[in-house]
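Examination of the molecular architecture
One letter stands for each residue in the lines below.
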Amino acid sequence: MKLFVDTGQVEEVQQAAEWGIIDGVTTNPSLIAKAGRDFKETVLAICRLVPSGAVSAEVVGTTTDQMLREAREIASWAPNIVVKIPMTPAGIQATRVLTQEGIRVNMTLVFSPAQALLAAKAGASFISVFVGRVDDVAGEGMRTIEEVVHMVENYGFPSEVLVASIRHPMHVVEAMRLGAHIATMPFKVLEQLFHHPLTDIGLQRFLEDWNRAGLQIFEPVRV
Ligand code: E4P
């Protein structure tokens, strides 16, 4: 399963890239606005940090023509950009045109298997199914992931199911269990994936035992 970080903060992407475990980055207009830097400058900085990963950058136009114009501009900035298009009739139409032009699309704001089917038929490379926002209103976001993964596999669509709006590590684990292709998460959740109290206790004990025995890996330097 691919791991993406969901952020507009270049410093967070840099840290995640240094760990060597991320396959891409997703942004959205809210995250870019929160980061407080120029859109193109931010996206290009992220693209440089993950040169072989997919970097999603979103259009803000609402008509097909506006989306096409913005998408072609954004896609021209770097070869690893995937243009994020919202799940609307205009967005579906734009997605079909863009995929025929060879521009990869991440269809965003998908909340139902029916919407995901339209995104797959339009040729979206990634289908971003939001789970946290559904859980927030007492729904079952992961149920939709299960259905969408089944739909994509059943019909052999080349689209990848991207689990978005992740709130905590168990969302990542559930996405993995269900066979989703990608999980995108806030940097904080990525950090949380590292932690287990038994790892901390285990490491502490190993080091205490080692130091108590006075052992060394390198031979002492003789002068
Ligand atoms: C997806 O790509 C979105 O940017 C993101 O996952 C939305 O998450 P949120 O519901 O926490 O805003």
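Residues numbered from 1 in each chain as written. Predicted model: local features only at pLDDT ≥ 70, side-chain atom pairs only at ≥ 80, totals over all residues. Heavy atoms only, no water.

A look at the overall build of the protein chain
A count of helical and extended segments in the protein chain gives eleven helices and eight strands. Expressed along its principal axes, the backbone C-alpha trace of the protein chain runs to roughly 75 × 40 × 30 Å. Looking at the protein chain as a whole, 45% of its 223 residues qualify as buried. A sequence separation of at least 24 residues applies to 56% of the contacts in the protein chain between residues at least 6 apart. If you sum the accessible surface of the protein chain, you get close to 12,100 Å²; carbon and sulfur atoms cover 56% of it. A distance of 2 Å separates the average location of the 19 positive side-chain charges in the protein chain from that of its 25 negative side-chain charges. (Helix = DSSP H or I, 4+ residues; strand = E, 2+ residues; numbered from the N terminus. Buried < 20%, exposed > 50% of the residue type's maximum accessible area, 1.4 Å probe, protein only. Contact = heavy atoms within 4.5 Å. Areas by Shrake-Rupley, 256 points an atom, 1.4 Å probe, with all protein chains shown as cover. Lys, Arg positive; Asp, Glu negative; His and termini not counted. Charge placed at Lys NZ, Arg CZ, Asp CG, Glu CD.)

A word on the sheet that holds strand E1 (residues 2–6)
In any sheet, the strands associate via hydrogen bonds between backbone groups, in a parallel or an antiparallel arrangement. Taken together, the eight strands give a closed barrel; going around it, the order is E1-E2-E3-E4-E5-E6-E7-E8, and neighbouring strands pair in parallel fashion. Ignoring which end each strand starts from, the neighbouring axes of this sheet average 30° apart. Strand direction decides the pairing type here: E1 and strand E2 (residues 24–26), joined by three bridges, are parallel. Bridge pairing in E2 links Asp6 to Thr26. Contacting strand E3 (54–58) and strand E4 (81–86), helix H4 (residues 64–75) runs over the sheet at an angle of about 160° to E4. (Pairing = 2+ DSSP bridges. Axes fitted to C-alpha atoms, helices over the stretch in contact; angles between N-to-C directions.)

A word on H4
With twelve residues, H4 ought to run about 16 Å at 1.5 Å a step, and its terminal C-alpha atoms sit 16 Å apart, in line with that. Taken residue by residue, H4 has Thr64, Met67, Leu68, Ala71 and Ile74 as its buried positions. Down the axis of H4, the buried side of the element spans an arc of 135°, and every buried residue falls inside it. Residues of H4 that are exposed and point more than 90 degrees away from the buried face comprise Asp65 and Arg69. Buried residues belonging to H4 abut helix H3 (39–49), E3, E4 and helix H5 (89–100). (Expected span 1.5 Å × (residues − 1). Arc of directions from axis to C-beta.)

As for the site of the ligand
Taken together, Asp6, Thr26, Asn28, Lys84, Phe130, Arg133, Ala164, Ser165 and Arg167 make up the full set of residues adjacent to the ligand. One of the side-chain nitrogen or oxygen atoms of Lys84 is found 2.6 Å away from an oxygen atom of the ligand. Here Arg167 contributes a side-chain N or O atom positioned 2.7 Å from an oxygen atom of the ligand. In terms of residue class, the shell around the ligand is made up of two nonpolar, three polar and four charged. (Near = heavy atom within 4 Å. Polar contact = N/O pair within 3.5 Å; in protein donor to acceptor, adjacent residues only side chain to side chain. Nonpolar A, V, L, I, M, F, W, Y, C, P; charged D, E, K, R; others polar.)

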